[in-house]
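As a plain string of letters, each chain reads:
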Amino acid sequence: CLLTDDEMASGPQGWQGLPDPFASWAAPMGVARGRLREERKSWRKDHPQGFVAKPLMLPDGTQDILNWDAMIPGEDGTVGEGA
């Protein structure tokens, strides 16, 4: 947990006044999102047969480009067979 015991005790109303501990992540995450969008565009045009990768959906219906569902086909006779 990122909160101290005193901060935890203040509850949700008290938490709203706390600074964002992840503010410094905004720029690198923006770069990552842009890169993933470009990679996805390329993947959709050309990817190995049988492989599937797509971003998860957020509750509001938009794509969560940072979290993905993927399927990698397994070869016959292996634990991944039929995947």
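Keep in mind that what you see is a predicted model, and the values were worked out from it rather than measured. (Residues numbered from 1 in each chain as written. Predicted model: local features only at pLDDT ≥ 70, side-chain atom pairs only at ≥ 80, totals over all residues. Heavy atoms only, no water.)

Before going further, it helps to spend a moment on the overall build of the protein chain. Tallying secondary structure elements over the protein chain gives 2 helices and 2 strands in all. Tracing the protein chain from N to C terminus, the helices and strands come up as α-α-β-β. The C-alpha radius of gyration of the protein chain comes to 20 Å, more than 25% above the 12 Å expected for a compact globule of 83 residues. By its C-alpha atoms, the protein chain is 55 × 30 × 25 Å across when sized along the principal axes. A burial count over the protein chain gives 6% of its 83 residues as buried. (Helix = DSSP H or I, 4+ residues; strand = E, 2+ residues; numbered from the N terminus. Rg over C-alpha atoms; globule rule 2.2 N^0.38 Å. Buried < 20%, exposed > 50% of the residue type's maximum accessible area, 1.4 Å probe, protein only.)

Taken as a whole, the protein chain shows an average pLDDT of 86; of its residues, 98% reach a score of 70 or greater. Ranking the elements of the protein chain by mean pLDDT puts helix 1 (residues 5-15) last, at 87, and strand 1 (residues 52-57) first, at 93. (pLDDT = per-residue confidence, 0-100.)

Turning our eyes to something else, we now look at the side chain of Asp64. Following the sequence through the fold, Asp64 ends up in strand 2 (residues 63-71). Of the side chains with opposite charge, Arg33 comes closest to the buried, unpaired Asp64, at an N-O distance of 5.9 Å. Each residue touching Asp64, except ones within four places of it in the same chain, is listed here: Pro55, Leu56 and Leu58. (Lys, Arg positive; Asp, Glu negative; His and termini not counted. Salt bridge = Lys/Arg side-chain N within 4 Å of Asp/Glu carboxyl O. Contact = heavy atoms within 4.5 Å.)

Relative to the elements of secondary structure, Arg40 occurs in helix 2 (residues 26-45). Although Arg40 lies buried, it forms no salt bridge, and the closest oppositely charged side chain, Glu38, sits 11 Å away as judged by the N-O distance. Setting aside anything within four residues of it in sequence, one finds Arg40 in contact with Pro55, Gln63, Ile65 and Trp68.

A separate point is the pairing of strand 1. In terms of strand pairing, strand 1 meets strand 2 through 6 bridges, oriented antiparallel. Among the inter-strand pairings, Met57 is bridged to a residue of strand 2, identified as Gln63. Between strand 1 and the antiparallel strand that follows it, strand 2, lie 5 residues; Gly61 among them carries a positive phi value of about 90°. (Pairing = 2+ DSSP bridges.)

Moving on: the environment of Trp15. By the element assignment, Trp15 lies in helix 1. Note on Trp15: relative accessible area 33%, which makes it partly exposed. The spacing of Trp15 and Asp76 is 61 residues in sequence and 53 Å in space, taken between C-alpha atoms.

The tally for this structure, following the rule as stated, stands at 2 salt bridges. Among the salt bridges present, the one from Arg35 reaches Glu39, with a minimum N-O distance of 2.8 Å. Taken together, the positions of Arg35 and Glu39, both in helix 2 and 4 residues apart, correspond to about one turn of that helix. Of the charged contacts, one joins Lys41 and Glu38 as a salt bridge, the two residues approaching to 3.8 Å between their closest N and O atoms.

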